[in-house]
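Listed below, chain by chain, are the residues.
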Amino acid sequence: MSPVLFVTGTGTEVGKTLTTAAVAALCSEPVAVLKPGQTGLGPDEPGDADEVARLAGPLVRPVELARYPEPLAPETAARRAGLPPLDPADVAKAVAGLAAEHRTVLVEGAGGLLVRYDEQGHTLADFALACRLLGLDVEFLLVAAAGLGTLNATALTAEALHHRGLPLRGTVIGCWPAEPDLATRCNLADLPTAAGAPLLGALPSGAAAHTPATFRPFAAAALAPALGGRWDAAAFAAAHPA
């Protein structure tokens with residue numbers, strides 16, 4: 001069994017779901033995609049895990065543990081809706097169950113790493129630590145914004161992971177613009193330093209418009225071999241010189 005891969009971001013709307021879908025699309029075996037807490041959607045609307053399955057194809061098993069209607073941080077949304085928050089032990093048990101049936105398990109967080117899921121302040125990092133207590137290997141993939149300001153958020157997230165002893169496999173730029181400015185191009189060299197981990201891909205803007213038929217080759221071109229693709233960081237940087 002591969003390590004459970006937790007997908008977090010430097011913030012909200014940075015491309016976590018599309019990155020999760022890209023990783024899932026490159027898996028040759030059935031893959032479980034868990035979204036512990038979904039916010040901002042009604043009961044019948046497709047959530048992030050469903051979007052991953054739509055793009056990545058029939059090998060994906062989407063799972064959602066809790067849903068809160070308002071588009072807020074999970075703890076706030078749960079409290080305002082009068083619904084129970086997520087407990088790290090319960091999340092870890094769900095992950096362990098999926099890991100017993102799937103070689104690959106992806107867990108997509110909400111917002112950034114330290115977004116609160118309950119009144120005790122538990123976060124996605126605590127979910128990963130609870131998984132480790134059950135004997136599961138865990139790793140993180142950090143999805144970062146492309147432009148100015150991303151280096152600080154990336155460094156802070158990487159430092160928080162390091163402080164907790166949680167390994168960071170690498171960073172992916174969740175949305176690479178069609179016309180990158182100077183700061184964005186410079187970040188290709190600076191993001192690995194900020195993260196203390198390699199840059200493992202850059203998803204061009206417009207990824208959500210793909211169909212399942214076109215998404216897998218898109219993912220292969222956008223992610224590095226460490227994630228199952230063929231993207232090359234050096235070649236990409238050479239094509240976008242600073």
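Residues numbered from 1 in each chain as written. Predicted model: local features only at pLDDT ≥ 70, side-chain atom pairs only at ≥ 80, totals over all residues. Heavy atoms only, no water.

An unreviewed UniProt entry annotates the protein as ATP-dependent dethiobiotin synthetase BioD originating from Kitasatospora phosalacinea. For the protein, the Subcellular location (unreviewed entry) comment in UniProt is given as "Cytoplasm". (UniProt positions renumbered as here; feature names shortened; annotations may be inferred.)

## Some words on the packing of aromatic side chains
What the rule picks out here adds up to five aromatic pairs. Between W176 and F236 the ring centres are 5.1 Å apart and the planes differ by 70°, which places this aromatic pair in the edge-to-face class. On the criterion of sequence distance, the pair formed by W176 in strand β6 (residues 168–176) and F236 in helix α9 (residues 233–239) is long-range, its members being 60 residues apart. Assessed through its relative accessible area of 15%, F236 is described here as buried. Members of the aromatic cluster, joined through ring pairs, are W176, W231 and F236. (Phe/Tyr/Trp six-rings, centres within 6.5 Å; stacked < 30°, edge-to-face > 60°. Helix = DSSP H or I, 4+ residues; strand = E, 2+ residues; numbered from the N terminus. Buried < 20%, exposed > 50% of the residue type's maximum accessible area, 1.4 Å probe, protein only.)

## Quick notes on the environment of P198
With respect to the helices and strands, the residue P198 is situated in the loop between α7 (182–195) and β7 (199–204). Exposure remark for P198: the relative accessible area of 42% places this residue in the partly exposed category. In the structure, P198 is positioned 26 residues away from V172 in sequence and 8.8 Å away in space, judged by C-alpha atoms.

## Observations concerning helix α1 (residues 16–25)
Within α1, ten of the ten residues are buried, leaving the element largely enclosed by the surrounding structure. Buried within α1 we find K16, T17, L18, T19, T20, A21, A22, V23, A24 and A25.

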